[in-house]
Amino acid sequence: MSMIFEQSFARSLDALVAQAVPGQPFEAWTFDDTRSRRDAERRLKEKGVEARIRSAYKPLLFVFLEDIDLSGVERIEIRYPVHANAPANRFRLEAYPLAAMVGDATIDFVAREDDGFFYEVVLTRAGQTETLQVMAPNRVHVDAVGETNVSPTGWIRHAGEPTGQRLETDYEQLFGAAIDAVAAHDWGAEEPYFEELNIRAAYPAADEPLPVGDEVVSLREALHEDFYFSLLEFFQKKSGRPLGDRGLKPGQIVPEIVSSQGEISIRIETRALTTGFLDGRDQAIDTASEPLAAGQVAQLLTDIGGKEFQARSRSGRQLSARYVAGSDAAVMISGGQHPNETTGIVGALRAARTLSKREGAHFTISPLENPDGYAIHQRLRADNPRHMHHAARYTALGDDLEYRTAENSGRHLNEKEIRFKAQDLSGAQLHVNLHGYPSHEWTRPLSGYVPRNFAMWTLPKGFFLIVRHHQGWTEQAESLLDKVTRHLSAIPALLDYNNRQIALYEIHAGETGFRIINGFPCLSSVDDRHTVPMTLITEYPDETIYGDDFVTGHTAQMETVLSAYAAWQELVGDTVA
């Protein structure tokens, strides 16, 4: 263990109260939850100061939650700014999920021609219109990797001031100091630079659920995402790689953002890799309501039978897989490449259990390809079960398993060996690779708000499918998508679920860019990077879901595997399903 940086910070709300002058009212915008902001207003009033403290994070949404009376409102028009240094829909995205929270009123988003950091809200009630201006304080800045961002910031405006000035909040100070400390450290020249880089931050903000799907306003979750991806980008730049490169192997980056009663602090240190898993309860797999314990995954895999084959992760954790030989056309099934995407792990096991009873079944099953990431997910879920925890997305090397090849892995083939063995054993030409993505909004508020290189994933948009195939396999890809989506469209409520999410997505983000096949969004493209000629990837919005929603998710994953397997037999197999 080696200490890199440690610091505590004064709370912005406390400073506003201490510095306020009786009789001088003001407005301020800070990164605090509603209860904390109301408490600060109460303390200010006791001091003789009338103040309104607003949310610097998603300010338009909070104005509707806290100030705007929608009684009798029939129509809402939101005129939002478009800034040259931000995506055109950035401020439209920042209003999400407002369109689902305005009752029967129609809502329209209209881009303004100017880029001032405010919204114009036009409310129509009984034929009368009312126009409000809602400030959205932002700053244009260059980050640690040289990119220009337009990011939310704190702000203060005293009575009589037309605009006010930036208030660098505790939230921003904590983030900036931590990034600077990592950037200033000597990491050497060879990847990986560390085993675990641990960033433990304490911040006094409660999560605030919204009455829309799995949506929640979480300043701590947003801070985790900003830390994780900003540090990945820093090490990408240090290594000479382009931003977004998933082959970077810096080591395991783990932000742990915990709640506090008022303390604001950061501690950054390097640690040794862990090697075990947290204990968990066993569940009936068909009705599992949360991610499975690693021990149960191993036992369920053993129960499937067939021939075991293995690989080892960087930490030394064992990856187990099974090969069931038969007369059908072989199919590879995998889950857990990104182990915070948890429905695929359960869905893969459920599908394999069903297929193992089929005469002639021929498949490999590798349900947990990234056990080091799964261990991090278990660890982080213990404190914040409803957070996305993208620190668990990549391996202990810090890379995306998909992008590790025999050529670029050096001495670190590790987990990727399980896929090469699966293909060698089975000769499969179809790989069904089960994935998920955030079930609620994903943001990076201090780095431009929209997650860089992941903009298409910032809002949920239903269950969708991706096919990547070699040149010459287009016909099979199209047929596979048609057959699988026809099967999925018969699942009760799944199409309605998709339609609801897509409709809300399109209001706040614009067109999805997908083709709709039998009611399901799909993407298909030629990609010779995979060694298997056909890869079907599922994307279920599953990060942070539990209970019945989790069951629905892993059932959809299972049905996709089963339908893809049956379709593959019709397309290229020797037997007919």
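What this report covers is the structure whose coordinates are included nearby. (Residues numbered from 1 in each chain as written. Predicted model: local features only at pLDDT ≥ 70, side-chain atom pairs only at ≥ 80, totals over all residues. Heavy atoms only, no water.)

## Considerations on unusual backbone geometry
Phase 1 of the analysis: Here tyrosine 96 and proline 97 are connected by a cis peptide whose omega angle stands at 0°.
Phase 2 of the analysis: Looking at the element boundaries, proline 97 is found in the loop between helix 4 (90-93) and strand 5 (106-111).
Phase 3 of the analysis: The amide bond that connects glutamate 191 to the next residue, proline 192, takes the cis arrangement and shows omega of -5°.
Phase 4 of the analysis: Locating proline 192 in the fold gives a position in the loop between helix 5 (170-184) and strand 12 (196-203).
Phase 5 of the analysis: If you check the backbone angles, asparagine 518 has positive phi at about 55° while not being a glycine.
Phase 6 of the analysis: Even without being a glycine, threonine 544 presents a positive backbone phi close to 90°.
Phase 7 of the analysis: With respect to the element layout, threonine 544 can be found in the loop between strand 25 (534-543) and helix 13 (547-572).
Phase 8 of the analysis: On the accessibility criterion, threonine 544 (7% relative accessible area) is buried. (Helix = DSSP H or I, 4+ residues; strand = E, 2+ residues; numbered from the N terminus. Buried < 20%, exposed > 50% of the residue type's maximum accessible area, 1.4 Å probe, protein only.)

## As for the sheet that holds strand 3 (residues 51-55)
Phase 1 of the analysis: The 4 strands are arranged 3-2-10-11 in an open sheet whose pairing can be described as mixed. Two strands bound the open sheet, and with one partner strand each, they are strand 3 and strand 11 (165-166).
Phase 2 of the analysis: Examined bridge by bridge, strand 2 (residues 26-30) and strand 3 share 5 bridges and lie parallel to one another. Residue pairing for strand 3: tryptophan 29 is matched across the bridge by arginine 54.
Phase 3 of the analysis: Its contacts with the sheet put helix 1 (residues 12-19) on strand 2, strand 3 and strand 10 (155-158), and the angle it makes with strand 2 is roughly 165°. (Pairing = 2+ DSSP bridges. Contact = heavy atoms within 4.5 Å. Axes fitted to C-alpha atoms, helices over the stretch in contact; angles between N-to-C directions.)

## Description of the side chain of histidine 338
Phase 1 of the analysis: Note on placement: histidine 338 falls in the loop between strand 19 (331-334) and helix 8 (343-355).
Phase 2 of the analysis: A polar side-chain atom of histidine 338 sits 3.2 Å from a polar atom in the side chain of glutamine 337.
Phase 3 of the analysis: Within the structure, histidine 338 has its side chain in polar contact with the side chain of aspartate 400 (distance 3.0 Å).
Phase 4 of the analysis: When sequence neighbours within four positions are dropped, the list of residues in contact with histidine 338 reads Arg246, Arg393, Tyr394, Asp400 and His435. (Polar contact = N/O pair within 3.5 Å; in protein donor to acceptor, adjacent residues only side chain to side chain.)

Structural measurements only, silent on function.
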